[in-house]
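Tertiary structure, described
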Amino acid sequence: MKAQSVAVVTGSSSGIGFETSLLLARNGYHTYASMRNLEKSKTITEIANREKLPLQVVQLDVDDDKSVKDAVYKIESEQGRIDVIVNNAGYLLIGPLEELSIKEFKEQFETNFFGAIRVIKEVLPMMRRQRAGTIVNISSLAGRIGLPLNSPYVSSKFALEGLSESIAYEIEQFGIKVVLIEPGYIKTNVASSFKTGKNVVVTADNKNNSPYAEFTQNRISALGPRVEAGLDPIEVAKVILKAATSENPDLRYLVGNGAIKLMDMRKIPPMRILEN
Ligand SMILES: NC(=O)c1ccc[n+]([C@@H]2O[C@H](COP(=O)([O-])OP(=O)(O)OC[C@H]3O[C@@H](n4cnc5c(N)ncnc54)[C@H](OP(=O)(O)O)[C@@H]3O)[C@@H](O)[C@H]2O)c1
């Protein structure tokens, strides 16, 4: 790593983004821990101050063109370069397709997919001029396999996978690397930050006799324990650091034994063994 390498992480207010910003800073990157709501910056700032880390907080909402432009402009003015960008900001929308609106699907894509594009488009000219840089996109195991009631999330992550694989060929000529991180369940705020569609019903509220209510209820009830049993987000941060510091990173990094095992199982038909 060069002495003044600069890293930017989106969605650093909690979970994977929080741990990744700290780990990159602890490993010498001048790190911009970006987040859409600066009121959530207290903890990371306290840790950075206590440990005297090269970490700064910057406002960045990946849904907002101006916010992304302003953040990248500020970083370019202050540092003149960005070596690593970690597109981590994202959320999980839950519900059966029939009960989700197109608007809700679009919002899911706005953050998980277009948000990453918005940031990448803003940093690419700088990385191209540098003839160096690593773009790390936080996908998911759900970027490789379908999951019931997660169709917007899964689709957004599949899209991110396709985008990343395609641009990797486009920009390798400029010395820019693209990496996909594919975690299984990770113990973060995801079990509380997930959204359900406005018209998605669960059993307790099934006045309209939704045929999906019980299934939805069961999946939502199972999410908390699954996330709780997941890996510590620091494990994802370590993989991101490894990819960011590698001369020749892989395109894809599965994170967690569960994710690795499931992808191995995927090679064995029939697909129905993966249900539940
Ligand atoms: N946890 C898992 O099991 C898991 C597994 C595979 C992949 N992932 C992926 O990992 C990434 C991080 O999620 P997490 O698990 O760490 O969940 P998390 O703790 O809920 O963190 C999500 C982060 O994204 C931010 N965010 C959401 N929308 C944003 C926007 N429009 N602009 C900027 N920031 C935004 C959140 O900010 P606020 O605090 O302002 O909401 C928060 O900082 C996501 O892309 C997720 O899909 C998670």
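Located above this text is the structure these notes cover.
The structure contained in this document is the topic of the report that follows. Treat the numbers as computed from the prediction; the structure is a model and nothing was measured. Here the residue numbering is sequential within each chain, running from 1 through the sequence in written order. With pLDDT at 70 or above as the cut-off, local features in this predicted model cover only qualifying residues; side-chain atom pairs require 80 or more to be listed or tallied, and sums for whole chains, interfaces and linings still use all residues. Excluding hydrogens and water, the side-chain values take into account all heavy atoms of the structure.

**Here's the deal with the packing of helix H1 (residues 15–26) against helix H2 (residues 42–51)**
Here H1 crosses H2 at 15°, and the two axes come no closer than 11 Å. Looking at the two axes, H1 sits roughly parallel to H2. Crossing geometry of H1 relative to H2 is assigned as right-handed. The residues of H2 that touch H1, namely those facing Phe18, Ser21, Leu22 and Arg26, are Thr43, Ile44, Ile47 and Glu51. Only the stretch in contact is used when fitting a helix axis, every axis being a line fitted to C-alpha atoms; angles between N-to-C directions are given from 0 to 180 degrees. Note on conventions: DSSP H or I runs of at least 4 residues are helices, E runs of at least 2 residues are strands, and numbering of each starts at the N terminus. Any angle from 65 to 115 degrees is called roughly perpendicular, while one under 35 is roughly parallel, one over 145 is roughly antiparallel, and all others are oblique. Left-handed describes a crossing whose near helix is turned anticlockwise from the far helix through less than a right angle; right-handed describes the clockwise counterpart. Whether two residues are in contact is decided by their heavy atoms, any of which lying within 4.5 Å being enough.

**Structural notes on the site of the ligand**
Near the ligand lie 29 residues; those nearest to it are Ser13, Ser14, Arg36, Tyr153 and Thr188. Pairs of N or O atoms within 3.5 Å make up the polar contacts considered here, provided that, within protein, one atom can donate a hydrogen while the other can accept it, and that residues adjacent in sequence are counted only when both atoms are side-chain atoms. Note that an oxygen atom of the ligand is positioned 2.7 Å from one of the side-chain N or O atoms of Ser14. Where the shell around the ligand is concerned, the elements lending two or more residues are H1, helix H5 (151–171) and helix H6 (190–193). For this description, a residue counts as near a given molecule or strand if any of its non-hydrogen atoms is within 4 Å of it.

**Re the pairing of strand S1 (residues 6–9)**
Each residue gets one of three labels from its accessible area relative to the maximum for its type: buried under 20%, exposed over 50%, partly exposed in between, using a 1.4 Å probe on protein chains only. The two faces of S1 match: Val6 and Val8 on one face and Ala7 and Val9 on the other face are all buried. The criterion for strand pairing is that DSSP finds at least two bridges linking the strands in question. Both S1 and strand S2 (residues 30–35) contribute to a ladder of four bridges, which runs parallel. Along S2, the bridge assignment pairs Val6 with His30. Once the chain exits S1 it traverses H1 before rejoining the sheet at S2, and the crossover so formed is right-handed. Pairing between S1 and strand S4 (residues 84–87): three bridges, direction parallel. By the bridge assignment for S4, Val8 is matched with Ile85. A clockwise path from the first strand over the helix to the second, with the strands pointing away from the viewer, defines a right-handed crossover.

**Side note on the environment of Glu51**
Checked against the element boundaries, Glu51 lands in helix H2. Owing to a relative accessible area of 35%, Glu51 belongs among the partly exposed residues under this scheme. Sequence-wise, Glu51 and Arg128 are 77 residues apart; in three dimensions their C-alpha atoms are separated by 33 Å. Within the local environment of Glu51, its side chain forms a polar contact with the side chain of Arg26, the two groups lying 2.8 Å apart.

**As for helix H4 (residues 102–130)**
Under the 1.5 Å per step criterion, the end-to-end length of H4 is 40 Å for 29 residues, consistent within 8% with the ideal 42 Å. Of the residues one or two after H4, Arg131 is the one with positive phi, at around 55°. A helix is expected to span 1.5 Å for every residue after the first.

**So, the pairing of strand S3 (residues 55–59)**
Bridge count between S2 and S3: five bridges; the pairing is parallel. Paired with Met35 across the strands is Gln59, a residue of S3. Taken together, S2, H2 and S3 constitute a β-α-β crossover, and its handedness is right-handed.

**Description of the sheet that holds S4**
In space, the seven strands of this open sheet follow the order S3-S2-S1-S4-S6-S7-S9, with parallel pairing throughout. At either margin of the open sheet sits one strand with a lone partner, and together these are S3 and strand S9 (252–255). If you compare each strand with its neighbour and ignore which way they point, the axes differ by 20° on average. With respect to the sheet, H4 is in contact with S4, strand S6 (133–138) and strand S7 (176–183), its orientation differing from that of S4 by roughly 175°. Contacts from helix H8 (residues 233–245) reach S4, S6, S7 and S9, with the element oriented near 160° to S9.

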